Amino acid sequence: MSAASCLRSEDQFLCSICLDVFTDPVTTSCGHNFCKNCITEHWNSNDQYLCPMCKKFFNTRPELHINTFISEMVSQFRQEAQQKASSSSSEQQAAEPGEVPCDICTGTKLKALKSCLVCLTSYCETHLEPHLTVSGLKRHQLMDPVENLEDRMCMKHDKPLELFCKTDQTCVCMLCSVLDHKTHDVVPLKEEYEGKKAELGKTEAEIQQMIKKRRLKIQEIKHSVDLSKEDADREIAEGVQVFIALKESVERSLNELIETIEEKQRTTEKQAEDFIKELEQEISELMKRRSEVKQFSRSEDHLHLLQNFPSLKPAPPTKDWTVVSVRPPSYEGTVVRAVTQLEETLSKEMKKLFEVELKRVQQYAVDVTLDPDTANPKLILSDDEKQVNHGDVKKNLPDNPERFSFCPCVLGKQSFSSGRFYFEVQVKGKSDWDLGVARESINRKGKITLIPQDGYWTICLRNRNEYSVYNNSSIRLSLKSQPQKVGVFMDYEEGLVSFYDVDAAALIYFFTGCSFTEKLYPYFGPCINDGGKNSAPLIICPVNQTA
């Protein structure tokens, strides 16, 4: 074979992925050839199954089989190329450090081409010739050159380790298999090798799949971080906008307050200036008259004074200043009124914020139903398990561990151990009720206390208008209106439980910094019937997101 034809042959046997001569060549249905490992790794690292050459799309992952024809051609090509390379060299290469030397060579050790498992000897091209031509030696098992061939011999019987004992998981020779390992499961070394190789291939594929899953998880985490960044940027932008509006509102109210006070002060000063000006005018007139009177009073001529006295100007008209005063303006209530107006403005802004907040949490609405196995025997549940009220009469029900035996309450069927969820409950017409979430391990027998330490995060109504929660201590809530529908929201990872007046789009209360370590369930307490005064049911409502 000429060098040119060898080069052309090599081009024909190159894998388009690794750009090397085929190893275990396989053919796709579109007619293109690849190394089996190359195309497998290519598809493992991509979401779609495409041919790297023609980009043909496969709906399902094609099953790959070794192309025996091309495999044989590649094998012949390798042998011919190896022989060509050997014959074209003017002299063989000496064994370099790390390479297996020929055991027969004397002086300069040439690089070994093959090792014989029968002779336990490694041969260079020259000394390998008998094994390629002599009929007896042709039957010897040759392999790529390796060092320490004696390790491949049985130390006990000095025979090649050709078999594998699956019972003892060790390599054995033929004599071992009929003596020490007679009753054991012994297979040819090649069979076990193929099995282990297939096992390693499976392990490699599993590892590759694990790598793929982890890469996808990295993408998922990065995507979550990107979404979190977007949410954070949006929240900051909205927060900045709200606080700027509030700041402007406060500054505007402060400026109006200052303007009001300063206007009162200016009015007072103007009034005082007018009074002073008028007083100074009267003083000027009075001083003139005083001067005339004083001049007349100095006359020693009796006749002259009496004759000219009638010509003396009468006293100028003056105001009775005893009833005139400048009273400082009253500022009582000015600041209070300004703060009250500011509070009204802030309340309007807060309402807008709560409307946005409620719309957000409603996106996490879940379908909640009541769990009859947890309901107190005196409770009545609707057929659709969406309504519950107290019925006074105790039903004969099994006292299973999940059931509340004393307190009139019931849990939802759905449990949550991560993420966020939201549901709404109609409380219209009731004088007493409890709502919230409870952890799985709560005490359900006897009296219970609805406190976080015991696993309850709830809001309560008593006597129609007494709303309260317990968070380290009992907290009485002052609400502007009585909720007709209550929304319950929980963020497991954030340790947050919030309650909303749905119709008023107002926040009622929220628990923060909660430490959740187990499943949480929706909690419903319709309370006792109270002679019909509290007969209305608690109703789990479908969530209609606010516009």
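This is a predicted model, so every value here is computed, not measured.

**Q** Mind showing me how you'd approach the layout of surface pockets here?
**A** In this model, the largest pocket occupies a volume close to 1,200 Å³. The wall of the largest pocket is formed by 31 residues, among which Glu 235, Glu 238, Glu 357, Arg 360 and Val 361 lie closest to the centre. Among the elements of the structure, α7 (189-297), α9 (334-361), β19 (485-491), β20 (496-501) and β21 (506-511) are those that each provide at least two residues to the lining of the largest pocket. Residue composition of the lining of the largest pocket, grouped by class: 14 nonpolar, five polar and 12 charged.

**Q** In this structure, what is going on with the nonpolar core? I would like to understand it.
**A** If you look at soluble globular proteins, the nonpolar side chains tend to sit buried side by side. Trp 433, Leu 435 and Phe 524 are the most contacted members of the largest nonpolar core, which totals 35 residues. Once residues within four sequence positions are removed from consideration, Phe 524 is found in contact with Val 368, Leu 370, Cys 409, Val 410, Leu 411, Gly 412, Phe 423, Val 425, Asp 434, Leu 435, Leu 538 and Ile 540. Judged by nonpolar contacts, the second largest core, of 16 residues, contains Phe 22, Ile 39, Trp 43 and Val 74.

**Q** Hey, could you run me through the sheet that holds strand β5 (residues 114-116) in this one?
**A** What holds strands together in a sheet is hydrogen bonding between their backbones, with the strands either parallel or antiparallel. Strand order in the open sheet formed by three strands is β6-β5-β7, and the pairing between neighbours is antiparallel. Looking at strand neighbours, the two that pair on one side only are β6 (121-123) and β7 (142-143), the edges of this open sheet. Sheet topology places β5 next to β6; three bridges connect them, and they run antiparallel. Across the sheet, the residue bridging to Ser 115 is Ser 122, located in β6. Across the face of the sheet, helix α4 (residues 125-133) comes into contact with β5, β6 and β7 while running at roughly 110 degrees to β6.

**Q** Explain the sheet that holds strand β22 (residues 520-525) here, please?
**A** One open sheet holds the six strands; their spatial order is β13-β22-β15-β16-β17-β18, and the pairing between them is antiparallel. Two strands bound the open sheet, and with one partner strand each, they are β13 (410-411) and β18 (473-477). As defined by bridge partners, strand β15 (residues 433-439) adjoins strand β16 (residues 456-462) across six bridges and the pair is classed as antiparallel. Directly across from Gly 436, in β16, lies its bridge partner Thr 458.

**Q** Sorry, what's going on with a nonpolar patch on the surface here?
**A** A surface patch of nonpolar side chains, amounting to about 250 Å² of accessible area, comprises Leu 175, Val 178 and Leu 179. Relative to the helices and strands, Leu 175 resides in helix α6 (residues 174-178).

**Q** Honestly, helix α2 (residues 36-44) in this entry has me stumped. Any pointers?
**A** An α-helix turns once per 3.6 residues; consequently, residues spaced three or four apart project the same way. Listing the buried residues of α2 in full gives Cys 38, Ile 39, Trp 43 and Asn 44. Buried residues in α2 make contact with β1 (25-27), β2 (33-35), β3 (49-50), β4 (57-58) and α7.

**Q** Please explain the packing of aromatic side chains as it appears in this structure.
**A** Here a ring pair, both rings aromatic, is described through the centre-centre distance and the interplanar angle of the planes. Under the definition given, this model contains 15 aromatic pairs. For the pair Phe 275 and Trp 321, a centre-to-centre distance of 6.0 Å together with 85 degrees between the ring planes defines the contact as edge-to-face. In this pair, Phe 275 is assigned in helix α7 and Trp 321 in the loop between α8 (302-308) and α9, connecting sequence segments 46 residues apart. Residue classification places Phe 275 among the buried residues on the basis of a relative accessible area of 18%. For the pair Phe 499 and Phe 511, a centre-to-centre distance of 6.3 Å together with 75 degrees between the ring planes defines the contact as edge-to-face. In this pair, Phe 499 is assigned in strand β20 and Phe 511 in strand β21, connecting sequence segments 12 residues apart.

**Q** Would you mind showing me how to read the side chain of His 390 here?
**A** Mapped onto the elements, His 390 comes out in strand β12 (residues 387-390). With relative accessibility at 7%, the residue His 390 sits in the buried group. Within the structure, the side chain of His 390 is placed 3.3 Å from the backbone nitrogen of Asp 392, a separation counted as a polar contact. For His 390, the side chain forms a polar contact with the main-chain nitrogen of Asn 529, separated by 3.2 Å. Apart from residues no more than four positions distant in its own chain, His 390 is found in contact with Lys 378, Leu 379, Pro 408, Cys 527, Ile 528 and Asn 529.

What counts and how
Residues numbered from 1 in each chain as written. Predicted model: local features only at pLDDT ≥ 70, side-chain atom pairs only at ≥ 80, totals over all residues. Heavy atoms only, no water. 1 Å grid on protein atoms, 1.4 Å probe; cavity = no way out; pocket = protein on both sides within 12 Å on 5 of 7 lines; lining within 4 Å. Points joined across faces, edges and corners; volume = space filled by probe spheres on them. Helix = DSSP H or I, 4+ residues; strand = E, 2+ residues; numbered from the N terminus. Nonpolar A, V, L, I, M, F, W, Y, C, P; charged D, E, K, R; others polar. Core = buried A, V, L, I, M, F, W, Y, C linked by side-chain atoms within 4.5 Å. Buried < 20%, exposed > 50% of the residue type's maximum accessible area, 1.4 Å probe, protein only. Contact = heavy atoms within 4.5 Å. Pairing = 2+ DSSP bridges. Axes fitted to C-alpha atoms, helices over the stretch in contact; angles between N-to-C directions. Patch = residues over 30% accessible without salt bridge, like charges linked within 9 Å, V, L, I, M, F, W, Y side chains within 5 Å. Areas by Shrake-Rupley, 256 points an atom, 1.4 Å probe, with all protein chains shown as cover. Salt bridge = Lys/Arg side-chain N within 4 Å of Asp/Glu carboxyl O. Phe/Tyr/Trp six-rings, centres within 6.5 Å; stacked < 30°, edge-to-face > 60°. Polar contact = N/O pair within 3.5 Å; in protein donor to acceptor, adjacent residues only side chain to side chain.

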